[in-house]
Amino acid sequence: MITGRIDRFELSKKFIKAFQKLTSGEQRRVNQALTTATVDLSHPALRSHELKGNYAGTVSISAGGDLRIHIHLIEEDDLTIAIVQSVGSHSQLYG
């Protein structure tokens, strides 16, 4: 189970490019999900879970509907840093 909160985000170029292609409503949902993750990564609305296989080491959180955000968590000096890797629908992220 994923617990805790995120103290800082770093956005990958891949995420920024995908985020810019989202509708304004989808962008708001992504921003809300990331805001929620700063308070409680285990919040039920996020449906957060660790991925396996080719995506091992990555956490998936929900931004509502079929929209998912992939992040890589790093623990550093009592801080949780999230590298936001990508955003998209299930089919966009997993092929």
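This text goes with the structure placed above it.
Residues numbered from 1 in each chain as written. Predicted model: local features only at pLDDT ≥ 70, side-chain atom pairs only at ≥ 80, totals over all residues. Heavy atoms only, no water.

A. Highlighting the pairing of strand 4 (residues 67-76). Sheet topology note: the strand 3 (residues 59-62)/strand 4 ladder contains 4 bridges and is antiparallel. Each residue of the ladder has a partner; that of S60, found in strand 4, is H70. Here strand 4 pairs with strand 5 (residues 79-89) via 10 bridges, running antiparallel. Counterpart to I71 in the pairing with strand 5 is V84. (Pairing = 2+ DSSP bridges. Helix = DSSP H or I, 4+ residues; strand = E, 2+ residues; numbered from the N terminus.)

B. Just the pattern of salt bridges, in detail. As enumerated under the stated definition, the model contains 2 salt bridges in all. Across the pair R5 and D7 runs a salt bridge whose closest N-O atoms are separated by 2.5 Å. Exposure remark for R5: the relative accessible area of 44% places this residue in the partly exposed category. A relative accessible area of 32% means that D7 is categorised as partly exposed. A salt bridge links E10 to R8; the shortest N-O distance between them is 2.9 Å. Classification of E10 by relative accessible area gives partly exposed; the value is 34%. For R8, a relative accessible area of 38% corresponds to the partly exposed category. (Salt bridge = Lys/Arg side-chain N within 4 Å of Asp/Glu carboxyl O. Buried < 20%, exposed > 50% of the residue type's maximum accessible area, 1.4 Å probe, protein only.)

C. Structural context of the side chain of S89. The residue S89 is located in strand 5 in this model. A relative accessible area of 16% places S89 in the buried class. A polar side-chain atom of S89 sits 3.3 Å from a polar atom in the side chain of S91. Among residues more than four places away in sequence, those in contact with S89 are D66 and L67. (Polar contact = N/O pair within 3.5 Å; in protein donor to acceptor, adjacent residues only side chain to side chain. Contact = heavy atoms within 4.5 Å.)

D. Broad picture of the environment of R47. One can find R47 in the loop between helix 2 (24-39) and strand 2 (49-50). Once the C-alpha coordinates of R47 and I2 are considered, the two residues, 45 residues apart in sequence, prove to be 9.8 Å apart. Beyond its immediate chain neighbours, meaning those up to four positions away, R47 contacts S60, S62, G65 and R68.

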